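Geometric and topological summary
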Amino acid sequence: MARTAKTISTLTITDTSPPRPHKIDAVVELMRRAEGASLGEITEATGWLPHSARAAFTGLRKKGYVLEKTKRGDATCYRVVEATPLPL
């Protein structure tokens, strides 16, 4: 039995909606505050578990962000000190 070619129609879809914000952008925004952000604040804002938030810190470091760890009361806070873009 021979196979026959299938015709696939091409549709042009125009998406006029703005791009969805990413959770990592919210994390960076929280961490850019002068007081930084605690792990609890980050997990509350994103819905991530603590180990996922800490993995995001690793990803940010790999992207060239310099992170600073400080204490606010009993909570450890993380802050973005600077971001150096990596070459493409």
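Scroll up to find the structure.
Here's what I pulled together on the structure shown here. (Residues numbered from 1 in each chain as written. Predicted model: local features only at pLDDT ≥ 70, side-chain atom pairs only at ≥ 80, totals over all residues. Heavy atoms only, no water.)

1. A closer look at the pattern of salt bridges
In a structure, side chains of opposite charge can pair up when their charged atoms sit close to one another. To keep things clear, this is the line we draw: Definition used for salt bridges: Asp or Glu carboxyl oxygen within 4 Å of a side-chain nitrogen of Lys or Arg. Here's how the labels work: a residue is buried when its accessible area is under 20% of the maximum for its type, exposed when over 50%, partly exposed in between, all with a 1.4 Å probe on protein chains only.
Here the structure, examined in full by the defined rule, presents 4 salt bridges. For the salt bridge of Glu41 with Arg33, the shortest nitrogen-to-oxygen distance reads 3.0 Å. Take Glu41: its relative accessible area is 27%, and that puts it in the partly exposed class. When its relative accessible area of 28% is taken as the criterion, Arg33 is described as partly exposed.

2. What to know about the packing of helix H1 (residues 23–31) against helix H3 (residues 50–62)
For clarity, the threshold we go by: With axes taken as lines fitted to C-alpha atoms, and helix axes fitted only over the stretch in contact, angles between N-to-C directions fall between 0 and 180 degrees. To qualify as a helix, a DSSP run of H or I must reach at least 4 residues; to qualify as a strand, a run of E must reach at least 2; elements of each kind are numbered from the N terminus. Any angle that is under 35 degrees is reported as roughly parallel, and any over 145 degrees as roughly antiparallel; angles of 65 to 115 degrees are reported as roughly perpendicular and all others as oblique. Contacts between residues were defined by any pair of non-hydrogen atoms, one from each residue, lying within 4.5 Å. Gly falls in the polar group here, along with every residue not listed as nonpolar (Ala, Val, Leu, Ile, Met, Phe, Trp, Tyr, Cys, Pro) or charged (Asp, Glu, Lys, Arg).
Orientation of H1 relative to H3, taken along the N-to-C sense of each, is 85°, at an axis distance of 11 Å. Judged by the inter-axis angle, H1 sits roughly perpendicular to H3. Across from Ile24, Val27, Val28 and Met31 in H1, the residues of H3 making contact are Ala56, Phe57 and Leu60. Of the residues that constitute the contact of H1 with H3, the class distribution is 7 nonpolar, no polar and no charged.

3. Observations regarding the nonpolar core
Condition: We define a nonpolar core as any set of buried Ala, Val, Leu, Ile, Met, Phe, Trp, Tyr and Cys residues linked to one another through side-chain atoms lying within 4.5 Å.
The biggest cluster of nonpolar side chains holds 13 residues, and the ones touching the most others in it are Met31, Ile42 and Phe57. For this core, the secondary structure elements donating two or more residues are H1, helix H2 (39–46), H3 and strand S3 (75–83). The element contributing the most residues to this core is H1, with 4 residues. In this view, Ile42 contacts Val27, Leu30, Met31, Ala37, Ala53 and Phe57; residues no more than four positions away in its chain are not counted.

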